[in-house]
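Structure at a glance
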Amino acid sequence: MNVAFIYNDIYRNSLFGENHPITEKRISNVYDLSKIIGFKNVKYYKSSIASVKELSIFHDKDYITALYQAEKKQKVTLENMKKFNIGTTSNPIFKEMYRRHAVATGSLILGSDLILNKKFNYIFSPGSGAHHGKKNKASGFCYFNDIATCILYLKKNNIKKIVYFDMDAHYGDGVMEYFKFSEDILTISIHQKNLWPRNGDYFYEDNFISFPVEEGFNDTKFKDIFEKKIEMKIKQFKPEVAILQMGADCLIDDHMSKLCLTNNSMKFTIEKFKNLSKNIIVMGGGGYNPWITLRAWIYNLATLANEDSKLNLNSKGKDFLKNIKWKKKPKQNWLNEITDLPNIFSL
Ligand SMILES: [Zn+2]
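Summary of the structure given here. Because the structure is predicted, anything quoted here is derived from the model rather than measured. (Residues numbered from 1 in each chain as written. Predicted model: local features only at pLDDT ≥ 70, side-chain atom pairs only at ≥ 80, totals over all residues.)

Side note on the overall build of the protein chain
From N to C terminus, the protein chain includes 12 helices and 9 strands. For the protein chain, the C-alpha radius of gyration of 19 Å lies close to 20 Å, the compact-globule estimate for 347 residues. Principal-axis analysis of the C-alpha atoms gives the protein chain an extent of 55 × 45 × 40 Å. For the protein chain, the residues scored as buried account for 52% of the 347 residues in total. Excluding contacts between residues fewer than 6 apart, the proportion of contacts in the protein chain whose partners are at least 24 apart in sequence is 74%. (Helix = DSSP H or I, 4+ residues; strand = E, 2+ residues; numbered from the N terminus. Rg over C-alpha atoms; globule rule 2.2 N^0.38 Å. Buried ≥ 20, exposed ≤ 12 C-beta atoms within 10 Å, placed from the backbone. Contact = placed C-beta atoms within 7 Å.)

Section: helix H1 (residues 28–37)
Of the residues making up H1, those classed as buried are Asn-29, Val-30, Leu-33, Ser-34 and Ile-37. For H1, the angular spread of buried residues about the axis comes to 125 degrees, placing them on one side. Packing partners of the buried residues in H1 comprise strand E1 (3–7), strand E2 (42–46), helix H10 (290–305) and helix H11 (315–322). (Arc of directions from axis to C-beta.)

With respect to the environment of His-255
Here His-255 lies in the loop between strand E8 (241–245) and helix H9 (263–274). With 12 C-beta atoms counted inside 10 Å, the residue His-255 sits in the exposed group. Put simply, His-255 and Asn-289 are 34 residues apart on the chain and 7.3 Å apart in space, counted from C-alpha to C-alpha.

Observations concerning the nonpolar core
Counting 106 residues, the largest nonpolar core has Ile-123, Phe-124, Ile-151, Ile-243, Leu-244, Val-282 and Leu-301 as its most contacted members. When near neighbours in sequence (up to four residues on either side) are disregarded, Leu-301 contacts Val-3, Phe-5, Ser-34, Phe-39, Val-42 and Phe-124. (Core = buried A, V, L, I, M, F, W, Y, C linked by C-beta atoms within 7 Å.)

Observations regarding the sheet that holds strand E6 (residues 203–204)
If you trace the 9 strands from one edge of the open sheet to the other, you get E2-E1-E3-E9-E8-E4-E5-E7-E6, paired in mixed fashion. Both outer strands of the open sheet, E2 and E6, are each paired with one neighbouring strand and no more. Pairing of E1 with strand E3 (residues 122–125), which is carried by 3 bridges, proceeds in the parallel orientation. Counterpart to Val-3 in the pairing with E3 is Tyr-122. The strands touched by helix H8 (residues 219–237) are strand E4 (162–166), strand E5 (185–192) and strand E7 (208–213); relative to E5, the strand with the most contacts, the crossing angle is about 165 degrees. (Pairing = 2+ DSSP bridges. Axes fitted to C-alpha atoms, helices over the stretch in contact; angles between N-to-C directions.)

Below, the structure is given as structure tokens:
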């Protein structure tokens, strides 16, 4: 099955700041390693930057203008800092702050167009997934909410039923709360209980499932919840498009959460969705350990493209993993294998 991998090199040298948790090259690494692996079923597309008109599908005009001005001037007034929550430690002013997030949105618009024009059923956009962004405020490293914009864009283009599934460790509040009362959008978030933004209380309705889980949440428990509480809801809903936010901070060895999933849970999720929705958009999200994040998203791409067989890395692939620099030392298997062990699933 062919997959459109949508990318833009703006991510390569873009940094939120020296000490910011978002590591440099986390998106370009996925692109580069995928090229080394050489997937046959993956076609590459360059995303363009979303226009103001496209960003306005979800965001307020004065917020878009404020972000644009902040990038241009590389500073923000105290008034705008308070009003729009930019220029803070979490959402700093940096060189590509507007363009980077407008590109992440443009990527999902292009992905949507490829689905709408029946060119592809599977879209992969690791640079997208800013699930905390509000229509007039930045939040939790998210400036433009590319996901909410994409959902509204698909709706405008007559896609009636969309399922949003968010497995990032943090509650996907920017998307979940906005679409809470939309009958034609099924929103689902599984996240660590009481983790920031701390407002993802348990909720279990036909169109809205918010599932806080305890620390130590693992693959077995994930599989159990998915099969007993979620799969049937999606089946009944009959989505035309599934949007998967695959934030890798839910995985074991990511320091931003205490969830203990392995990347096999992500593979499991994508395989399930292949039987639940004709069209699937897989994106990134959180993920702060560069090896864990990269391996998970490469595994997602391989799963989507049905090319798991390509995951035995050659020396070039292993060297690529070895050359990643970070504040912590990698475990040996992070440098040699894409898939986490143990794999509890027999798919
Ligand atoms: Zn997160």
